[in-house]
Every structure is written in C-alpha cells, then in structure tokens.
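Here is how the chains run, residue by residue.
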Amino acid sequence: MPKSQNPFAALDDSELLSEQFALQQDEKDELSHIRDEFIIPTKGDLKNKKQGPCTESDALQGGVEASKDSEPSVYLCGNSLGLQPRRTRDYLNKYLDTWATKGVYGHHKALEGGLPPWLHLDDAVKEQTAKIVGALPSEVVVMETLTANLHLLMSSFYRPTKERYKIIIEGKAFPSDHFAALSQLAHHGYPASSLILLVPQSDSSPYLSTEYILSTISQHAASTALVLLPGIQFYSGQYFDIKLITHHCHSLGITVGWDLAHAVGNVPVQLHDWNVDFAAWCNYKYMNGGPGVIGGLFVHERHGTVSVASPDDGPDGLADGEASSKAEEQLLFKPRLSGWWGSDKKSRFQMENKFVPIPGASGWQLSNPSALDMTSVMASLDIFSLTTMEKLREKSQRLTAYLEERLLRYDGGERPYTLITPSNPSERGAQISALLHPGLLDPVMEILEEEGVVVDERRPDVIRMAPAPLYNSYMDVHRFILIFQEACKKAQEGSKKKDREEVVMSNGTNA
Ligand SMILES: *Cc1c(COP(=O)(O)O)cnc(C)c1O
C-alpha cells in the first residue's frame, strides 16, 4: 500500500473520531468567520412545507421538537447549489429600490451608498471574477448561462476543416456538454461519429488517467479541431490537469476549452498562465450566486484582440461577416455570433450598424445583462474578496481530507461504499463521491433527509458530498459522518432482512 497522502491518516480513532477534535479544527480555521456570511438553513426550515423560515409554531405543528428543528442542517451540497450569502438580500433590495425610485435612470446614475449603475455592472464584476479564475480582467465577462456560453464560444473556437473536424469530450460528460458538442457537429454537417469520447479504463472506477487522455488526444490529433473537458468532473470529482492537457493540445495544433462548472470558486485555476483558449462556468455552484443565475466565460487575451486591418492583410484577414467599404476602416477580430452589448460602449447607443467589438471577453456579449442577476453575483463575489483562492484551497484540502479519512473509518463491519474520487489531493476539489452497495441509496437518502443532512445523489448508487470551504466546518463533517454511517448500518440491516425474506420466499415456492 502506498503511504496515504492524507494528513489525518496517522491519527488514532480515539482522537480523529471525537467531537472535540472537530471543534479544535474549527477553532484553528482562519476562515471560519466566513460561515457567518451565509444563511445555513435549519433542519426545521428544510422540513417546513410553508415558504420561508420555520417559526416555532410551524415546528410544533409539524409535530417536531422546536429546539431540535432550530439546529442548523448539515449542507454538503454546494457543488450543486451554493447557499445564500446574507448580503444577497441587501444587495437585491438596493437593486429593487433603484429600479423603483429611478426607473431608467438606474442604468447610468451613480448613487451614494448604492451599487454601480446597471450600465457598468458588467465591468464592476470583472476584477473579482478574474482573480477567481486566474485571468486578466479583460479576459473574463459575466454573461448568459453556461450551456449558452459553450455554444457561443464554440461558434468562435470550433472552426472545422475538411481535415480537422472532430471534437473530443469525456464519455461521462455532463449531458448538457455532450448535447452542446454533438449539436455543434451536426450544425456544421458532421456525423455523431465525429464526437470522440474519453471513457474510463475500468468498470469499477470513473477515473481517467492523464496518460490515457493525452494518448487519446494524440491518436486523433490529425483529425481533431477541438477538445472540450471539465476542470472538475461532476460525478467523480476528478480534477484534471488543465495546464498539462492544454499544453499537449496546443503542441498538436488543437484548440482546447474548459467547462469550469465544478472548478470555479472551488480550486484556484490559472487560465491566463496556463494559456487556456477559452472556458465557461456557472455562478450558482461553489459561487453561491443563486439558482440559474448568470454565468461567466474566459477568452484568452491572444484571442480577444481587435485591430485595424492593413491593406496587406487581404480579404482573408477579414473577420467573417464584416462588410468592407473603402470609407470604413476594416477590423480584424475573431469571428463570433455577436450582439449589441459586445460592441464598443462609446458607440453602442449611436445605433449604427457597425460592429466594433470590445477587445477581450466582453466583445462576446450579446444582450444587456440582467441587473437582477448581476447584483446577485456581485454579492457572491464580494464574499470571495474576503479571502483568496489560495487560502480557500488550503482549507478545502484539509477539510476534504478530514471527510475522506472519516469516511474510510467505518465501525459497522464491512464498509458498504467505496470512494470513487481520486485520493490524491491535487486530483480533486472539495467533492468526494461514494459508490454505495446496490440497494442502499434510497434508504440512506431517506434517513439523511429526515435528519437534516443535504447531499446530492446520482442514480443508481452514488452520493456526492462537498464540504464548501466558504461555509462548511469540521463540525459539519463530524455531524454528517455520524448520521451517514448510522444510516448505512440501518440500510445494511434492512437489506439483509430483505435478503432473508427473499430466501424464505423462494424456498417456499420451490417446496
Ligand atoms: C452544472 C453544469 C451544467 C449546467 O449548465 P447550465 O447551462 O448552467 O444549466 C453544465 N455542465 C456542467 C459540467 C455542469 O456541471
């Protein structure tokens, strides 16, 4: 057995499994105060059938002890939907006040103590977004939603030729990414067989080794136009080597894009330095911007330039769709599907039909962004500005290692689950996925819900747990483990009992 990379592996049960140990870890945690920035639903809130927080009388009517119900839930589901920052309501109230009292002036009126004018919200969120994904502010923009952005980016970055037209994605890609890639192929007239899938090499594990990824890309290099991969795989939690894979693709002349849905706000990425061509993400998972909120995208500086064509550039140098009249200067920029919000701010309201893209990622915008969404994203970004991605990652690696080690120590006999997330801390983010023995998922999830524990299930047998470093604590993990392992034991007993009954039944029919 290789030596465990888990710093908690060396500890005795008597120390590691104690509540006191979790409390001590929380005391030592420099970021623990950020939890107070979030609304953690109580167990009563989760069970309450009425909208809004659970009051004492709701709790009594529900027949549950009010004191127990006012306990915070254990929320390990930030990989699916991040919790609400307390300040979001305050920011949204300001947005509503501005709209109510200023109407259309809210677009450009700077207000004391208010949020930036709506017209400039897109610029106001750039700097903090850029820090989170390791980019220049000009390389990022908050716009549209993830799948829409993947399509917009592929319209620029997937430019198939007769020789190179394939797209490589992973076989277990999130369905939306699969559909997006497949429909791009169809849109350009290529058959589904042009979609190359990276598939796990073993039936028992979803792991994709870097070696396998690189060799598959090499094998198809001569006919491949685009590689589209997730930064972190949604199911297994595997964190891919973005830098190395990007470099490999470029060495073969292949464009590469990254879906950072599960990576943004989770692991520190360096999109600029790693020379990534493009990336897109959503702002509602680890980013805590609210369900379905506006997403974001990255276009590397070298792809976002806008320049004036010299006569030597010839017609080939012209961007698609740019009519060239002698009187007008001709612009060179990466082709794209464009809209008015991507056009130069100074001339935007002159309503002339000449598209002058804003240099950088902003030039990919289509519509004026929802100020409601932007305001919500701003609240979540302001929480991130209380720390750095490096500090968050440091906490996250320890907290996830603690969860992993606690999951590995099971005192109820045979452990009824295996962990399918890489144990190497540099190959995962906050999430750990456990594959349960068949038949256990439903009874386990039922008990977790009853006990106010929120995790995410992927049928048929996987539970995903993600301690989000902004708001989860060691005590959350401790409480989770006690409830989860107890639930596993109950579910195991239940399934053994069912097996015995089935044996009796089948003996009965045989007789
Ligand atoms: C969450 C997620 C999506 C969701 O896409 P939307 O367009 O925001 O609905 C897509 N792809 C991946 C990999 C995801 O994790």
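Cut-offs and rules
Residues numbered from 1 in each chain as written. Predicted model: local features only at pLDDT ≥ 70, side-chain atom pairs only at ≥ 80, totals over all residues. Heavy atoms only, no water. UniProt positions renumbered as here; feature names shortened; annotations may be inferred. Domains from an automatic or database assignment. Contact = heavy atoms within 4.5 Å. Buried area = accessible area lost by both parts, 1.4 Å probe. Core = buried A, V, L, I, M, F, W, Y, C linked by side-chain atoms within 4.5 Å. Buried < 20%, exposed > 50% of the residue type's maximum accessible area, 1.4 Å probe, protein only. Helix = DSSP H or I, 4+ residues; strand = E, 2+ residues; numbered from the N terminus. Near = heavy atom within 4 Å. Polar contact = N/O pair within 3.5 Å; in protein donor to acceptor, adjacent residues only side chain to side chain. Areas by Shrake-Rupley, 256 points an atom, 1.4 Å probe, with all protein chains shown as cover. Nonpolar A, V, L, I, M, F, W, Y, C, P; charged D, E, K, R; others polar.

- Under an unreviewed UniProt entry, the name given to the protein is Kynureninase, and the source organism is Delitschia confertaspora ATCC 74209.
- According to the UniProt record, the Function (unreviewed entry) comment for the protein is "Catalyzes the cleavage of L-kynurenine (L-Kyn) and L-3-hydroxykynurenine (L-3OHKyn) into anthranilic acid (AA) and 3-hydroxyanthranilic acid (3-OHAA), respectively."
- For the protein, the Subunit (unreviewed entry) comment in UniProt is given as "Homodimer."

Here's the deal with the domain arrangement of the protein
Now for step 1: The domains assigned to the protein are domain 1 (13-30 + 389-499), domain 2 (146-281) and domain 3 (307-350).
Now for step 2: Its C-alpha centre places domain 1 at a distance of 30 Å from the equivalent point of domain 2.
Now for step 3: Listed as interface residues are 18 residues of domain 1 and, on the opposing side, 16 residues of domain 2.
Now for step 4: Of the roughly 1400 Å² buried where domain 1 meets domain 2, counting both sides, 54% is carbon and sulfur surface.

Quick notes on the nonpolar core
Now for step 1: In this structure, Val133, Ile245, Trp258, Leu260, Val269, Leu271 and Trp281 are the most contacted members of the largest nonpolar core, which totals 70 residues.
Now for step 2: Here this core spans two domains, since at least three of its residues come from each of domain 1 (13-30 + 389-499) and domain 2 (146-281).
Now for step 3: Apart from the residues within four sequence positions on either side, leucine 271 is in contact with Val133, Gly134, Leu260, Val276, Ala279, Trp281, Phe298 and His300.

Quick word on helix H11 (residues 210-219)
Now for step 1: Along H11, the residues that are buried comprise Tyr212, Ile213, Leu214, Thr216 and Ile217.
Now for step 2: The elements touched by buried residues of H11 are strand S3 (166-170), strand S4 (195-198), strand S5 (224-230) and helix H12 (242-251).

Considering the site of the ligand
Now for step 1: Around the ligand sit Leu146, Thr147, Phe174, Asp177, Asp259, Ala261, His262, Tyr284 and Lys285, and that is every residue in its neighbourhood.
Now for step 2: Contact distances for the ligand include 3.0 Å between an oxygen atom and a side-chain N or O atom of histidine 262.
Now for step 3: Here an oxygen atom of the ligand and a side-chain polar atom of tyrosine 284 are 2.5 Å apart.
Now for step 4: Starting from 390 Å² of accessible surface for the ligand in isolation, the protein chains cover 83%.
Now for step 5: Split into classes, the residues belonging to the shell around the ligand amount to 4 nonpolar, 2 polar and 3 charged.

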